[in-house]
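Coordinates in review
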Amino acid sequence: MPKQRLSIALAIAVAIASVALSVIADTAKGEFVLKTVKVDLPVGDRLFPPGPGAEAANLYCLICHSAGMVRTQPAMTRSGWEAEINKMRNAYGAPVPEDQVTTIASYLLTLQAGK
Ligand code: HEC
C-alpha cells in the first residue's frame, strides 16, 4: 500500500510540475498576455432623465427598483406622488430625507406631464 501511495504522489507531483512548466514556457513565448477590452453597454432607462430633481430621484428611488418601474405607473396628482414617496419611506424604509419629498414629487409630476 505505501508503495502505491508513493507512486500516486509522484504522479501528482509530475502533473503539477508539467503544468507549471508549460505556464512558464507560454509566458516566455509571450502567449500569456492580459489585454483590456472596451465594452459599450447599451444605454437604457436605468436612470431618470435629467431635470430639476432628477439627481434626488436617481439617488433615492433606484435603490430597490428601476426608474421604469416608477415611470410606468398611472399619472398621479402631487399629493398622490407625495403619498407614494412617503409609502416608500415608511413601509419599505427608503432612506429619502423628508425635505426631498416635495422635490422628487415635483420632478415626477413634470416627468408624467412630458409623457
Ligand atoms: C427601500 C426600497 C425602496 C426604495 C428606496 C424605493 N422604493 Fe418604490 N417600491 C419599493 C417596493 C418594495 C415596491 C413594491 C413593489 C411591488 O409591489 O412589486 C415599490 C413600488 C413602487 C411604485 C409602484 C406603486 C406601488 O406603490 O407599489 C412606485 C411608483 C414607487 N415604488 C416609487 C418610488 C419612488 C418615487 C422612490 C424614491 C422616492 C422609491 N419608490 C424608492 C421599494 C422601494
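Residues numbered from 1 in each chain as written. Predicted model: local features only at pLDDT ≥ 70, side-chain atom pairs only at ≥ 80, totals over all residues.

Observations regarding helix 2 (residues 54-61)
Turning to helix 2, its buried residues number three or more, namely Ala-57, Tyr-60 and Cys-61. In an axial view of helix 2, the angular spread of the buried residues amounts to 90 degrees, which keeps them on one side of the axis. Buried positions along helix 2 lie against helix 3 (67-71) and helix 5 (101-113). (Buried ≥ 20, exposed ≤ 12 C-beta atoms within 10 Å, placed from the backbone. Helix = DSSP H or I, 4+ residues; strand = E, 2+ residues; numbered from the N terminus. Arc of directions from axis to C-beta. Contact = placed C-beta atoms within 7 Å.)

Side note on the packing of helix 2 against helix 5
Viewed as axis vectors pointing N to C, helix 2 and helix 5 meet at an angle of 110 degrees, and their least axial separation amounts to 9 Å. Judged by the angle between their axes, helix 2 and helix 5 are roughly perpendicular. Along its contact with helix 2, which presents Ala-54, Ala-56, Ala-57, Tyr-60 and Cys-61, the element helix 5 presents Thr-103, Ile-104 and Tyr-107. Looking at side-chain class alone, the contact of helix 2 with helix 5 contains seven nonpolar, one polar and no charged residues. (Axes fitted to C-alpha atoms, helices over the stretch in contact; angles between N-to-C directions. Parallel < 35°, antiparallel > 145°, perpendicular 65-115°, else oblique. Nonpolar A, V, L, I, M, F, W, Y, C, P; charged D, E, K, R; others polar.)

A word on the site of the ligand
Lining the immediate surroundings of the ligand are 16 residues, of which Cys-61, Ile-63, Cys-64, Met-88 and Ala-94 lie closest. Mapped by element, the contributors of at least two residues to the shell around the ligand are helix 2 and helix 4 (78-90). Here the shell around the ligand takes four residues from helix 4, the largest share from any one element. For the shell around the ligand, the class distribution of residues is 11 nonpolar, three polar and two charged. (Near = placed C-beta within 6 Å.)

Focus: the packing of helix 4 against helix 5
Packed helices, taken two at a time, are described by their axes: the angle between them and the distance between them. Their axes nearest at 9 Å, the elements helix 4 and helix 5 cross at an angle of 125 degrees. The orientation of helix 4 with respect to helix 5, classified from their angle, is oblique. Here helix 4 and helix 5 pass one another in a crossing that is right-handed. Contact residues: helix 4 offers Arg-78, Trp-81, Glu-82, Ile-85 and Asn-86, while helix 5 offers Val-101, Thr-102, Ile-104, Ala-105, Leu-108 and Leu-109. (Left-handed = near helix turned anticlockwise from the far one by under 90°.)

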